[in-house]
Amino acid sequence: MQVKEHQHENFMTLRPEGELDANSSIVMDDVIRENIDKGHYHLHVDCSGLQYISSAGLGVFISYMDELRENDGKFVFSNMSDNVRQVFRLLGLEAITTIVGNESEAEVQF
């Protein structure tokens, strides 16, 4: 798993590539922690390169949601494949996260 980062004016895009599971969730966790430590609380997760996500992978995002909210931030997810979106749906995360179609739609969420 590799995570590309791109700084925008008022948010950071994280683009995970590959599979986000129990083994690779450590990489995603480190990237999110580093961004929060730098004061980046508006995080756009571009899922276009994400081939698979497990419940452990989703757990990484869930573990930071309260901290982001406490700092007036949030995750916005975009470009999800059907199989990744299905995992969000099955675990009930569609109701508590913001999911949009693309980066332009993500930008207006911040």
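Use the structure listed above.
The rules behind these values
- Residues numbered from 1 in each chain as written.
- Predicted model: local features only at pLDDT ≥ 70, side-chain atom pairs only at ≥ 80, totals over all residues.
- Heavy atoms only, no water.
- Helix = DSSP H or I, 4+ residues; strand = E, 2+ residues; numbered from the N terminus.
- Rg over C-alpha atoms; globule rule 2.2 N^0.38 Å.
- Buried < 20%, exposed > 50% of the residue type's maximum accessible area, 1.4 Å probe, protein only.
- Areas by Shrake-Rupley, 256 points an atom, 1.4 Å probe, with all protein chains shown as cover.
- Lys, Arg positive; Asp, Glu negative; His and termini not counted.
- Charge placed at Lys NZ, Arg CZ, Asp CG, Glu CD.
- Pairing = 2+ DSSP bridges.
- Expected span 1.5 Å × (residues − 1).
- Arc of directions from axis to C-beta.
- Contact = heavy atoms within 4.5 Å.

A separate point is the overall build of the protein chain. Helix and strand content of the protein chain: four helices and six strands. Helices and strands appear in the protein chain in the N-to-C order β-β-α-β-β-α-β-α-β-α. Against the globule reference of 13 Å for 110 residues, the protein chain gives a C-alpha radius of gyration of 12 Å, in line with a compact fold. Projected onto its principal axes, the C-alpha positions of the protein chain cover 30 × 25 × 25 Å. Residues counted as buried form 42% of the 110 residues belonging to the protein chain. Counting only carbon and sulfur atoms, one obtains 44% of the accessible surface of the protein chain, whose full area is about 5700 Å². For the protein chain, the centre of its 8 positive side-chain charges and the centre of its 19 negative side-chain charges are spaced 3 Å apart.

In terms of burial, strand β5 (residues 74-78) is a largely internal element, four of the five residues being buried. When strand β3 (residues 42-46) meets β5, the two strands line up parallel, connected through five bridges. Bridge pairing links Val 45 to Phe 77 in β5. Where β5 meets strand β6 (residues 98-100), three bridges bridge the pair, whose relative direction is parallel.

With that out of the way, let us pick up helix α1 (residues 25-37). Count 3.6 residues to each turn of an α-helix, and residues three or four apart come out pointing the same way. Taking 1.5 Å per residue as the helical rise, α1 with its 13 residues ought to reach 18 Å, and the 18 Å between its terminal C-alpha atoms agrees with that figure. Among the residues of α1, Ser 25, Met 28, Val 31, Ile 32, Asn 35 and Ile 36 are the ones counted as buried. Looking down the long axis of α1, one finds its buried residues gathered within 130° of arc, a one-sided arrangement. Away from its buried face by more than 90 degrees, α1 exposes Ile 26 and Asp 37. Where α1 is buried, its residues contact β1 (2-7), β2 (12-20), β3, α2 (55-70) and β5. Backbone geometry just downstream of α1 places Gly 39 in the positive-phi region, at approximately 90°.

Positive phi outside glycine occurs at Asp 72, with the angle close to 60°. Among the residues examined, Asp 72 registers a relative accessible area of 67% and is labelled exposed. Of note, Asn 79 is a non-glycine position whose phi angle comes to about 55°, a positive value.

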